[in-house]
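Here is what each chain is made of, one letter per residue.
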Amino acid sequence: MPETPDVDVIVVGAGPAGACASIELARAGLQVVLLERGPFPGSKNMYGGVVYPRILDELIPNWWDEAPVQRWVTRRSTMVLTPTQALTVDFRSTAWGAPPYNGATAYRPDFDHWLASHAEAAGAQVLCSTTVVGLLRDANGRVVGVRTDRPDGDLRARLVIACDGVNSFVAKEAGLHPPVDAANYTLGVKETLALPKEVIDERFGVRGREGVDIEILGGTGGVNGGGFVYTNLDTIAIGAVLKLPKLAAQKRRPEEIIAGLKAHPAIAPLVEGAELKEYSAHVIPEAGLAMMPKLTGDGLLVAGDAAAMCLAAGIWLEGVNFAMASGMYAGRAAIDAIRAGDVSTAGLAGYERRLSETFVLRDHRKLKRAPHLVLSDRVQHVYPELITSVAERMFRVDNPEPKPGLRRIVTSERKRLGIRRRDLARDGLDGFRSFG
Amino acid sequence: MLAVIPVRDGALPAGATEAADECGRRALLVGHQVEHATTHLSGEVILCEVGEYRPGAWADALARALADEPIIVLPASPDGRDLGPRLAAALDRPFFAGATEITDRTVVVPRDGGRAMHTMPAPPRLVATLQVGIRGQEPAGDAATVTSMSLDLDPGGIPIADAHVERVLAPDAATIDLAEAGRIVGGGAGLRSADQFDRLAELGDRLGASVGATRVITDRGWVGHERQIGTTGVVVAPELYLAFGISGAVQHTSGLGHPDHVISVNVDAHCPMMQLADLGVVADANVVLDELLSLLSAQAATEGVRPDA
Amino acid sequence: MSATAPIAVCLKWTPARLDGGPLGPDAADDRFAGISPADRAALELALRLADRLGTTVTAITAGPAGAERALRDALAAGAERAVRLDMATDADSRDVAFELAQSLADAAIVLCGDYSLDRGSGSVPAFVAHHRRIAQALGLVDIDVDTATAATVHATRRLDGGRRELLAIPLPCVLSVEGSLATLRRAPLPRALASRSAHIDVVATPPAHHHGAPAIVTAYRPRARVMPAPAGEVVLDRLRRLTDAGTAPSRGETVVLEPPAAAARIVDALREWGYLP
Ligand SMILES: Cc1cc2nc3c(=O)[nH]c(=O)nc-3n(C[C@H](O)[C@H](O)[C@H](O)COP(=O)(O)OP(=O)(O)OC[C@H]3O[C@@H](n4cnc5c(N)ncnc54)[C@H](O)[C@@H]3O)c2cc1C
Ligand SMILES: Cc1cc2nc3c(=O)[nH]c(=O)nc-3n(C[C@H](O)[C@H](O)[C@H](O)COP(=O)(O)OP(=O)(O)OC[C@H]3O[C@@H](n4cnc5c(N)ncnc54)[C@H](O)[C@@H]3O)c2cc1C
Ligand SMILES: Nc1ncnc2c1ncn2[C@@H]1O[C@H](COP(=O)(O)O)[C@@H](O)[C@H]1O
């Protein structure tokens, strides 16, 4: 005789995905247990630093009045670096500094904790310091619960939602993940540097709660990847996202690469004199669609980084919003399935449908080539120099020579750098297709 | 000011003379065979023979006898820490535990595990314990002027219940070893893991040093508490002390004696242990430990190779 | 006192260390607060003793609402009842002890940690024992109970010089234990889940009686030690000794070095001082 479930749904992992799934489920009156291995939600979670919380409008109206935000991103820059040059495209919007806001910097221990407290308020049971170490299945292989590391630690449910982050133990245990390929992951490393708020305001040209988000191409010293600089109230996050195989091949330590970034003439004045508060590192699922596991199994849904939902495509590094949305849709699909009494893969089909109709999978489909392109050797090691040297010649005053035309500069720089016209055209087209 | 010093079998507890000195050499010895305990004291000494250690009954009786003594100081020895708060409660006075300095104007107590010092105006009446080894003692003067006082334990009424001492155990091998060691390597919370603590023991082996630890480490169970150096651990007196990842809280350093040489490895250049050190090295103690071990074994290896062998 | 009287364990809710920097613990932030290793050991021992004596454990804390998390964890681990005396985190130890003693009037054994992390006075257990006029044994490193009579606790306490004493403590009593004495068991999952919504008795307390004097807070500096007057016939010798001139090692050198260089520097110093050949 099958054992009766203890609760309706078990959500594994109290990151943004797990918290949002739990909020939806608990509000629908279902019995939810949210299990988290850390001492409190968000305690061990790290990321770069910017949340794009638009999707929260659906879950927590006027979230901006209460969310633990450091600064509102009102300035977004993309920087292209060579060892001695920098070209920045800088965008500012005052509109982003007022409700409904576009993006915010926040600390994960604050943000995740806050989000999970909404799940708790809605009636979910949040249990921390509890690690899921196995899946319970019935005779047909259907997932019917989890095993935790506590004594007497089995818990049964109608449905399990895996929100346990990159390298999801649960999804792997359920056999949903294709074999791990290191090429699909990047390593994110970050330093948190303390500076007085006034100094940050002055160096980054912001006031009050305004903040800056800088994405960087180049500057990672031969290892394919990208960099970022974000402002919090009185700290700066500076870090890099690095292609794992390259890092290993070059035997470089990630700390060295951050050190190199901090020493770059365009970055050094921003971080000068700051005190190192924290160094952290985390793996990022980077290949997007190419590495997504099956998103549903019998009695099981996978959301957030556990399902490789993180979008890491050059000038975009978004994961929290994808995690929140996929968690929310997983919650909604679970509610439908439980009410209909069918939690098989077929009964849970509403999950993938919702993801396909919204930005979650549509952005991934649109940008499916982007990660590969952005991390390709030409984009990483050749184009930054092309772009900056073209800019240098455009801006250089070479009197008595007359000003050269753009086309001439591009052609001569291209030749100087040994880039074939064919490759440039193809990459341009690829770029247009990837981002267009 | 009056020092109240609990005495067992005619022996002064650790920190007794310091407490007496802090009080201008006025001390009351209470306990068993108190007259044998006067030899190391000078100044004014009051003897109070009451037999076996009984904190509850003593506190009650002392409170009646000492109601007019405004400032009472006990050494922060095990019995002082046990009797002090009970006496303060019986006198209904504020109690200052593990103070580093007590005058009739101010009391200084360490807080937050020895990271901060709180300096407070001394209330008119108080009881405090003085951290052992923090003050240093003045050279012995003339023999003490001794008077006696009798205390009435359990006068009428309901007797106060107390624990009964069944037996006193001699120090075990590890504590003796530590207390008598000329060289000690100590490990603190800066060490990453129990494994790393074992590596420290290896270094101890290489240097002919015993291994000690801070309370954070013994609390974690990485080593038995007989290896804990400090107020609530063993009081040691090495010539050489090597501190790895130790912040140097008073409760730790007050058990350290006065080593000739101190080396401290810590990521924080400004913690008290670094201030005490002859050589302070700002670096990750875990990595330095590994480097030291490989350096020492490399050197041992080259020394082992004799040209004529 | 009957063996069925409950065993009480006093848990002190302490804000985390204050040196965490912008990302680290903040005094007002409950996420980083908790109970000390000593209190956890006290809880574990309370559970073990209750098991041996066939009685139950009451967990009690004097603190703000946030402190209920400690009580829930105690319920999860096996405590039967949880009581919170509604008081401020920084309430004076005398007020705390008085209120605890009132609430624990029927406990056969009151278990405490030896010192709280922030205040570190180790006084609350002694104060509680005073108010109830019962035996105390503080800073224990081992505890056993006479199950036959259930009237005596046998315990080991440290003395100076590495000695220990064995105590026989009549019940009722107040015991405080060191953190290394026991490791708190892991709460079973069903209890852990049930504890999240379990009932907690909240008891109002009268306004604070005692107020600690305001303190000037500074970083820790060792106190200047009293130095015995130097011996010696010649004034200059005495002066030299006092000032350590000429004989003193170069106390106070601090160097920032990469680990390999640091190791080499340490070996050099040990050689120079004669500890290594
Ligand atoms: C360096 C770096 C920079 C980034 N920058 C950004 C950025 O600026 N903006 C952005 O939007 N995204 C960014 N991301 C991506 C973002 O961090 C993730 O996409 C996001 O955290 C995914 O959320 P999640 O809820 O799926 O998983 P997570 O946040 O990883 O949460 C998983 C949770 O599950 C818990 N858990 C794991 N295993 C178990 C288990 N077995 N039992 C119980 N609990 C378990 C974990 O403790 C954790 O709390 C960055 C990532 C990195 C590494
Ligand atoms: C009444 C009472 C009695 C006590 N009795 C004792 C006692 O007998 N003995 C005792 O030791 N303590 C005792 N304590 C505890 C004492 O107050 C301190 O908490 C303890 O000594 C601190 O130990 P620690 O230096 O290991 O840890 P911490 O104070 O946490 O210091 C750790 C140090 O390691 C450094 N560090 C961190 N990482 C690294 C790294 N990677 N490399 C190098 N350095 C690093 C930090 O900068 C810090 O200085 C007592 C406390 C009280 C209240
Ligand atoms: N507010 C409190 N609530 C419950 N127990 C306390 C409280 N304060 C102190 N205690 C207990 O007394 C022990 C010693 O604390 P202290 O006297 O503050 O050093 C602690 O380990 C607790 O067991």
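Conventions and cut-offs
- Residues numbered from 1 in each chain as written.
- Chains lettered and ligands numbered in written order.
- Predicted model: local features only at pLDDT ≥ 70, side-chain atom pairs only at ≥ 80, totals over all residues.
- Heavy atoms only, no water.
- Salt bridge = Lys/Arg side-chain N within 4 Å of Asp/Glu carboxyl O.
- Helix = DSSP H or I, 4+ residues; strand = E, 2+ residues; numbered from the N terminus.
- Buried < 20%, exposed > 50% of the residue type's maximum accessible area, 1.4 Å probe, protein only.
- pLDDT = per-residue confidence, 0-100.
- Pairing = 2+ DSSP bridges.
- Axes fitted to C-alpha atoms, helices over the stretch in contact; angles between N-to-C directions.
- Contact = heavy atoms within 4.5 Å.
- Buried area = accessible area lost by both parts, 1.4 Å probe.
- Polar contact = N/O pair within 3.5 Å; in protein donor to acceptor, adjacent residues only side chain to side chain.
- Near = heavy atom within 4 Å.
- Nonpolar A, V, L, I, M, F, W, Y, C, P; charged D, E, K, R; others polar.
- Patch = residues over 30% accessible without salt bridge, like charges linked within 9 Å, V, L, I, M, F, W, Y side chains within 5 Å.
- Areas by Shrake-Rupley, 256 points an atom, 1.4 Å probe, with all protein chains shown as cover.
- Lys, Arg positive; Asp, Glu negative; His and termini not counted.
- Charge placed at Lys NZ, Arg CZ, Asp CG, Glu CD.

Caption draft 1: A look at the pattern of salt bridges. Evaluated as defined, the whole model comprises 59 salt bridges over all chains. Salt-bridge contacts for Arg71 of chain A lead to Asp201 of chain A; the nearest nitrogen and oxygen are separated by 2.8 Å. Taken together, the residues span a long stretch of sequence, with Arg71 of chain A in strand S4 (residues 71-81) and Asp201 of chain A in helix H4 (residues 197-204) at a distance of 130 residues. Since its relative accessible area comes to 0%, Arg71 of chain A is described here as buried. Linking Arg84 of chain C and Glu68 of chain C is a salt bridge whose minimum nitrogen-to-oxygen distance equals 2.8 Å. Of the two residues, Arg84 of chain C sits in strand S3 (residues 81-86) while Glu68 of chain C sits in helix H2 (residues 68-77), which places them 16 residues apart along the sequence.

Caption draft 2: Structural view of the side chain of Asn184 of chain A. Relative to the helices and strands, Asn184 of chain A is located in the loop between helix H3 (169-173) and strand S11 (185-194). The class of Asn184 of chain A is buried, set by a relative accessible area of 18%.

Caption draft 3: Looking closely at the confidence of the model for chain B. Per-residue pLDDT for chain B averages 91, and the proportion of residues at 70 or more is 98%. As a predicted assembly, this complex carries a pTM of 0.88 together with an ipTM value of 0.87.

Caption draft 4: Spatial organisation of the sheet that holds strand S5 (residues 95-99) of chain B. Residue and element names in this part refer to chain B. If you trace the seven strands from one edge of the open sheet to the other, you get S5-S9-S4-S1-S2-S3-S10, paired in parallel fashion. Each of the sheet's edge strands pairs with one partner strand only, and the pair in question is S5 and strand S10 (145-148). Mean inter-strand twist for the sheet, computed between neighbouring axes without regard to direction, equals 25°. Pairing geometry for strand S4 (residues 71-75) and strand S9 (residues 126-130), over five bridges, is parallel. For Val73, the partnering residue across the bridge sits in S9 and is Ala128. With respect to the sheet, helix H3 (residues 78-91) is in contact with strand S1 (2-7), S4, S5 and S9, its orientation differing from that of S4 by roughly 160°.

Caption draft 5: The interface of chain B and chain C, seen in detail. Listed as interface residues are 99 residues of chain B and, on the opposing side, 83 residues of chain C. Ranking the residues of chain B by area buried against chain C places Arg86, Met117 and His225 of chain B at the top, with a combined share of 9%. Our enumeration of links across chain B and chain C arrives at four salt bridges. A salt bridge links Asp60 of chain B to Arg133 of chain C; the shortest N-O distance between them is 4.0 Å. Applying the counting rule to chain B against chain C returns 28 residue pairs in polar contact (both at pLDDT 80 or more).

Caption draft 6: Seen up close, the site of ligand 3. Residue and element names in this part refer to chain C. Around ligand 3, a shell composed of 20 residues is seen, among which Cys10, Asp39, Ala62, Ser116 and Gly122 lie nearest. Within the backbone of Ser121, a nitrogen or oxygen atom sits 3.3 Å from an oxygen atom of ligand 3. In this structure, an oxygen atom belonging to ligand 3 sits 2.9 Å away from a main-chain N or O atom of Val124. Per element, the largest residue contribution to the shell around ligand 3 is three residues, and it comes from strand S2 (residues 57-63). Classifying every residue of the shell around ligand 3 by side-chain character gives 10 nonpolar, seven polar and three charged.

Caption draft 7: Structural detail: a negative patch on the surface. Residues and elements named next belong to chain B. A grouping of Asp195, Asp198, Glu202 and Asp205 is seen on the molecular surface, where their side chains present a negatively charged patch. Mapping Asp205 onto the fold places it in helix H5 (residues 194-207). By relative accessible area, which is 67% here, Asp205 ends up exposed.

Caption draft 8: Seen up close, the sheet that holds strand S12 (residues 183-187) of chain B. Pairing is parallel across the open sheet formed by six strands, whose spatial order is S13(B)-S12(B)-S14(B)-S15(B)-S16(B)-S11(C). Edge positions in the open sheet fall to strand S13 (210-213) of chain B together with strand S11 (253-256) of chain C, since each of these has one partner strand only. Going across the sheet, the axis of each strand differs from the next one's by a mean of 15°, ignoring polarity. As defined by bridge partners, strand S16 (residues 279-282) of chain B adjoins S11 of chain C across four bridges and the pair is classed as parallel.

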